[in-house]
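Coordinates in review
Spelled out, the chains give:
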Amino acid sequence: MKIKREQNWQIILLNIRHIILGVTICFVLLGNAQFISNLTLNTQIVIRIVPIILFLISLFEKSISVREALNWFIIIIIALIIYYFSRDGMPLYLILVVFSFRHDELIGVIKIYLISNILIFIIAFILGKIGILATTTTDTISGILKDTVGFRNPNTDGMIIFTIITTMLSIKSRIVKKNNIYKILLFWVLQLFLIYLLVKSGARGAEVGVILSYFIYWLNLVLNNKKLLGYISYIIIAVSLIFSYVSITSSVYTTGSLFYKLNGIFSGRIGLNYLFLNYYGVKVFGQSIHYSTISSSTQVYWYLDNSFIKILINYGFLFFVLFISYYICIIFLALKKKEYYLLIPLVSFFAYGVVEQALMLYYVNLTALFLGVLYQAEKTGKEKEKYFGK
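Residues numbered from 1 in each chain as written. Predicted model: local features only at pLDDT ≥ 70, side-chain atom pairs only at ≥ 80, totals over all residues. Heavy atoms only, no water.

Brief notes about the overall build of the protein chain
Secondary structure summary: the protein chain contains 16 helices and two strands in total. Against the globule reference of 21 Å for 390 residues, the protein chain gives a C-alpha radius of gyration of 21 Å, in line with a compact fold. Expressed along its principal axes, the backbone C-alpha trace of the protein chain runs to roughly 70 × 55 × 50 Å. Every one of the 390 residues in the protein chain was classed for burial, and the buried ones make up 51%. Restricting the contact set of the protein chain to residue pairs at least 6 apart, pairs at least 24 apart contribute 70%. Carbon together with sulfur atoms contributes 67% to the accessible area of the protein chain, which is approximately 19,600 Å² in total. Separation between the mean location of the 34 positive side-chain charges and that of the 16 negative ones in the protein chain comes to 5 Å. (Helix = DSSP H or I, 4+ residues; strand = E, 2+ residues; numbered from the N terminus. Rg over C-alpha atoms; globule rule 2.2 N^0.38 Å. Buried < 20%, exposed > 50% of the residue type's maximum accessible area, 1.4 Å probe, protein only. Contact = heavy atoms within 4.5 Å. Areas by Shrake-Rupley, 256 points an atom, 1.4 Å probe, with all protein chains shown as cover. Lys, Arg positive; Asp, Glu negative; His and termini not counted. Charge placed at Lys NZ, Arg CZ, Asp CG, Glu CD.)

Notes on the nonpolar core
Soluble globular proteins: nonpolar side chains tend toward being buried together. Formed by 106 residues in total, the largest nonpolar core has its most connected members in Phe 323, Leu 342, Tyr 362 and Leu 369. Considering every element that reaches this core, the biggest residue donor is helix α5 (residues 106-129), with 11 residues. The residues contacting Leu 369, other than those within four sequence positions of it, are Leu 21, Val 97, Val 98, Phe 101, Leu 106, Val 109 and Tyr 113. Grouped together as the second largest cluster of nonpolar side chains are 10 residues, Tyr 301, Trp 302, Leu 304 and Ile 313 included. (Core = buried A, V, L, I, M, F, W, Y, C linked by side-chain atoms within 4.5 Å.)

Notes on a nonpolar patch on the surface
The grouping of Leu 70, Phe 73, Ile 74, Ile 77, Leu 80, Ile 81, Tyr 84 and Phe 85 at the surface amounts to a nonpolar patch, some 760 Å² of accessible area in total. Within the fold, Phe 73 resides in helix α3 (residues 66-86). (Patch = residues over 30% accessible without salt bridge, like charges linked within 9 Å, V, L, I, M, F, W, Y side chains within 5 Å. Salt bridge = Lys/Arg side-chain N within 4 Å of Asp/Glu carboxyl O.)

With respect to helix α7 (residues 181-201)
Two residues of an α-helix separated by three or four positions point the same way, owing to the 3.6 residues in each turn. Here α7 spans 30 Å end to end across 21 residues, near enough to the 30 Å set by a 1.5 Å rise per residue. Among all positions of α7, only Phe 187, Gln 191, Leu 194, Leu 197, Leu 198 and Ser 201 are buried. For α7, the buried positions fall inside an angular range of 125 degrees around the axis, keeping them on one side. Pointing more than 90 degrees away from the buried face of α7 are the exposed residues Ile 181, Tyr 182, Leu 185, Leu 192, Val 199 and Lys 200. In this fold, the buried residues of α7 make contact with α5, α6 (154-174) and α8 (204-222). Looking at the residues trailing α7, positive phi occurs at Gly 202, about 75 degrees. (Expected span 1.5 Å × (residues − 1). Arc of directions from axis to C-beta.)

Quick look at unusual backbone geometry
Of note in the backbone geometry, Arg 87 takes a positive phi value of approximately 60 degrees without being a glycine. Its location among the elements puts Arg 87 in the loop between α3 and α4 (90-100).

Quick look at the pattern of salt bridges
Proximity of charged atoms lets side chains of opposite charge pair with each other. For the structure on display, the rule yields five salt bridges. A salt bridge links Asp 104 to Arg 17; its shortest N-O distance comes to 2.8 Å. Taken together, the residues span a long stretch of sequence, with Asp 104 in the loop between α4 and α5 and Arg 17 in helix α1 (residues 2-30) at a distance of 87 residues. Arg 17 shares its class with Asp 104; the two are buried. A salt bridge links Glu 68 to Arg 102, with the nearest nitrogen and oxygen atoms 2.7 Å apart. Residue Glu 68 is found in helix α3, and its partner Arg 102 is found in the loop between α4 and α5; the two are separated by 34 residues along the sequence. Exposure remark for Glu 68: the relative accessible area of 13% places this residue in the buried category.

Quick look at the structure:
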């Protein structure tokens, strides 16, 4: 009776965490909406408080060993040191959320982000249609007027659609049971509709991410040799990092070079990686950086879109190494445990980080919460069923 009561209590706390994260995702993304009444939502308070709440709730769910507690204590101390130097709490918030969801079934985590992004997209679409949200916005660099569902930046449209497509493909890849022809048809019709909206948004980074999601999805279906799937995944990871490295070299401003042309296509955003590195350099524990997303006659657009370069310059070399190592380990464990459906979001979101800061945002980057694959790898049989269900 006591064991059953404890299990029920754990289920209640787990559901509370899932609801809190889902609501947070919706609220923070809605904070990027463009209200005609100039209404602004104070999302920063929510972004800071929610990780602490989730962390405290998780402490009551399951016991933690002395060794594990010590490991997490060291990681949190490192995050606090980085916060001291960078004056940015994102590494700490991300670590607290990762800790909170470390025992969760991964398909459940994916569903939270899928449902939340679908919900906020529908809400924004409706609010845009009834005139509460503006459906056009001006590009911060080019000054060109662009269509949007209701957000300040079309890239937000693209990010949400990218997340929806990728999570849907991941879930479909995991479910092995055969669906009837009507459900399959409905799934792909919806995919085509989402692709149409994505192309319309003009979010090039999200488009690349979606292409990679489909690429990994179909490879997983047709390849019998899963080792090859692993090699391809690692190659994409390596190419993303190499691309990021080259973007901080002078070749980005060498006339006629590939990166010079790409810099022009991406409105000069790639070249900012090189300028930021030369201006700030790299520190072990990071540093405070000033950003500006407004381009005008009196203000210059000054922003790092590349997640890896931001982590390296803003949060320091140590956190950069830990972050990359974490992703490599998660991909390795996903392959080892034959959880191939995880590769779809893991690889595509990692590549997406080349053109967006999203990898450090816990309310966007679901793949950061895939630490559960480590705990899953340590449990088999009844133990696995206890933690992750049948």
